[in-house]
Amino acid sequence: MSIKISSQFDAGAIDVVSVTSAGDIDLNIRKDSAADITQWFYFRVQGAQAVPLAIRFLNASKAAYPDGWKDYQAVASYDRDTWFRVPTSFDGEVMTIEHAPEHDSVYYAYFEPYSWERHLALLDSAQLSPLTQLVDLGSTVDGRDLNMLIIGDQEAEKKVWVIARQHPGETMAEWFVEGMVEALLDPADPFASQCLKEACFYIVPNMNPDGSVRGNLRTNAAGANLNREWNEPSMALSPEVYLVKQKMQETGCDMFLDIHGDEGLPYVFVAGSDALPTFSKEQKAAQEKFIEDFKIASPDFQSEHGYGESPYTPEVLTMGSPHITHLFGCLSLTLEMPFKDNANDPDEVNGWNGARSAKLGAAILQPVLRSLRG
Ligand code: ZN
């Protein structure tokens with residue numbers, strides 16, 4: 001029986017170079033659909049049960065973030081429900097997965113995927129709650145629905161905005177939002193009920209539906225990196241940002257959380273708006289307080305490792321969270337979760353994964369509450 005490789009499914013992405021029946025598989029990681037960004041992969045292998053596969057990614061060193069392959073283990077699944085890490089190595093040129101599948105059909109991916117179907121199911125189940133309103137903000141470049149969940153009372157004094165997956169391959173971001181939404185809608189969660197007394201939540205679980213389905217890491221169907229579009233979004237190139245920013249200007253914003261994943265660093269951390277020349281002492285203090293409170297709420301969150309300080313350049317204003325601080329003067333954070341693992345508390349079987357991202361999404365309600373109360 002011969003080995004077959006396919007990627008024609010939701011978020012699938014790989015270029016096949018060659019396959020032998022002995023299990024030697026040579027691949028290239030595919031570029032984003034309209035941009036020169038190579039990192040996300042997701043494919044299915046059939047007919048390789050018990051065959052010791054050597055899956056080589058020949059162009060790994062030319063990826064957007066080659067450091068992402070250092071100490072990285074790819075994920076695999078037989079049922080697309082349970083994902084586990086498989087032995088993966090990177091010699092500086094080629095990345096290799098060595099794995100003998102236990103079943104005839106197996107999927108390999110860069111990180112545990114978050115499917116379009118699951119995205120729709122999240123919206124569907126959330127709208128059944130009387131606390132929630134499901135809103136259509138408009139359409140993406142490919143014509144997909146850009147949806148938002150409004151949770152709580154829109155008359156509430158404060159507005160909290162949460163967006164995820166501007167970079168579509170950072171699927172941990174939507175797992176995080178799923179955990180946060182479930183917590184907010186849980187009547188037995190005291191942090192949720194108190195948060196909803198203080199604020200209304202505007203949540204965009206997936207900012208980049210087209211990139212998600214196309215299997216892109218970083219860009220939308222027009223090739224735009226949405227997190228560089230906030231200064232001058234356009235309906236032609238970045239309708240996703242244009243529509244969300246328009247709505248934010250309507251509602252106002254008192255807190256902004258932009259959820260991401262980081263390819264290189266094996267830690268959970270935030271990046272703030274420190275690079276803005278107008279960033280005040282009071283804004284810095286509010287940011288520091290949130291960080292300290294978040295550490296208490298979740299031991300997965302830390303502030304020792306992160307991006308560090310960077311000087312102000314005009315590019316800063318094109319990015320979501322500093323742009324929102326600039327516009328509204330509010331606390332705005334870019335949250336980064338690892339593709340690899342949390343090196344402070346590693347999990348050899350799973351690495352960082354969807355479930356752990358969801359727990360973090362629920363835990364963030366604690367620092368959010370404390371911050372809303374000032
Ligand atoms: Zn990102």
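Conventions adopted
- The numbers attached to residues start from 1 for each chain and follow its sequence in the written order.
- Selection of residues for local features in this predicted model requires a pLDDT of at least 70, selection of side-chain atom pairs for listing and counting requires 80 or more, and totals for whole chains, interfaces and linings are taken over all residues.
- Side-chain metrics rest on all non-hydrogen atoms present in the structure, leaving aside hydrogens and water.
- Domain extents, as shown, originate in an automatic or database domain assignment.
- Buried area is calculated as the accessible area (1.4 Å probe) missing from two parts once they are joined, with the contributions of both summed.
- Salt bridge criterion: a side-chain nitrogen from Lys or Arg within 4 Å of a carboxyl oxygen from Asp or Glu.
- Contacts described as polar in this section are N or O atom pairs within 3.5 Å, which, within protein, must combine one atom able to donate a hydrogen with one able to accept it, while residues neighboring in sequence count only if both atoms come from side chains.
- Charged residues are taken to be Asp, Glu, Lys and Arg, nonpolar residues to be Ala, Val, Leu, Ile, Met, Phe, Trp, Tyr, Cys and Pro, and polar residues to be all remaining types, Gly included.
- Where helices are involved, their axes are fitted lines through C-alpha atoms of the stretch in contact, as for all axes, and angles between N-to-C directions lie from 0 to 180°.
- Secondary structure is summarised from DSSP: a helix means a run of H or I of at least four residues, a strand means a run of E of at least two, and numbering begins at the N terminus for each.
- We call two directions roughly parallel when the angle between them is under 35 degrees, roughly antiparallel when it is over 145, roughly perpendicular when it lies between 65 and 115, and oblique otherwise.
- Any two residues whose heavy atoms approach within 4.5 Å are treated as being in contact.
- With water excluded from the atoms, a metal site may look incomplete; its donors are any N, O or S atoms within 2.8 Å, or within 3.2 Å for Na, K and Ca.
- The geometry test gives tetrahedral to four donors whose angles all lie between 85 and 135 degrees, gives square planar to four donors and octahedral to six donors whose opposite members are over 155 degrees apart with all other angles between 65 and 115, and gives irregular to the rest.
- Categorising residues by exposure relies on relative accessible area from a 1.4 Å probe, with only protein chains included: less than 20% of the type maximum marks a residue as buried, more than 50% marks it as exposed, and the intermediate range marks it as partly exposed.
- Under the convention used throughout, the expected extent of a helix is 1.5 Å for every residue step, that is, one less than its residue count.

1. Structural notes on the domain arrangement of the protein
For the protein, the assigned domains read domain 1 (4-109) and domain 2 (116-372). Summarising the inter-unit geometry, the C-alpha centres of domain 1 and domain 2 are found 28 Å apart. Among the residues of domain 1 in contact with domain 2, W40, Y65 and R85 are the three that bury the most area, contributing 35% of the side total. Across the contact surface, domain 1 and domain 2 share zero salt bridges. Here domain 1 is connected to domain 2 by 18 residue pairs in polar contact (both at pLDDT 80 or more). Here the residues of the side of domain 1 that touches domain 2 are counted per class, giving 11 nonpolar, four polar and seven charged.

2. Structural notes on the packing of helix α8 (residues 354-363) against helix α9 (residues 365-372)
Where α8 contacts α9, the axes come no closer than 5 Å and their chain directions differ by 20 degrees. Taken together, α8 and α9 sit at an angle that is classed as roughly parallel. Taken together, the residues of α9 that come into contact with α8 (itself represented by G361, A362 and A363) are L365, Q366 and P367. When its residues are assigned to classes, the contact of α8 with α9 shows four nonpolar, two polar and no charged.

3. Quick look at the coordination of the zinc ion
All of the protein donors around the zinc ion are H167 (ND1), E170 (OE), E170 (OE) and H260 (ND1); their distances to the metal are 2.1 to 2.5 Å. Relative to the metal, the four donor atoms surrounding the zinc ion lie at angles of 56 to 147 degrees, and the coordination shape comes out irregular. Summarised as a motif, the one-chain spacing of the donors to the zinc ion is H-x2-E-x89-H. For H167, a relative accessible area of 3% corresponds to the buried category.

4. So, the pattern of salt bridges
Under the criterion given, the structure shown has 18 salt bridges. A salt bridge links E174 to R165; the nearest nitrogen and oxygen atoms lie 2.9 Å apart. When sorted by exposure, E174 lands in the same class as R165, which is buried. Salt-bridge contacts for R356 lead to D300; the nearest nitrogen and oxygen are separated by 2.8 Å. In this pair, R356 is assigned in helix α8 and D300 in the loop between α6 (281-297) and α7 (320-328), connecting sequence segments 56 residues apart. The two residues R356 and D300 agree in class, both being buried. Residues joined in a network through salt bridges with shared partners are D142, R144, D210 and R214.

5. Regarding helix α2 (residues 172-184)
Between its first and last C-alpha, α2 extends 18 Å over 13 residues, near the 18 Å set by a 1.5 Å rise per residue. The buried count for α2 comes to 12 of 13 residues, which makes it a mostly enclosed element.

6. Quick look at the environment of D210
Among the structural elements, D210 can be located in helix α4 (residues 209-214). With near-sequence residues (within four places) excluded, D210 lies in contact with T140, V141, D142, R144, A221 and E240. Separated by 3.2 Å, the side chain of D210 and the backbone nitrogen of V141 make a polar contact.

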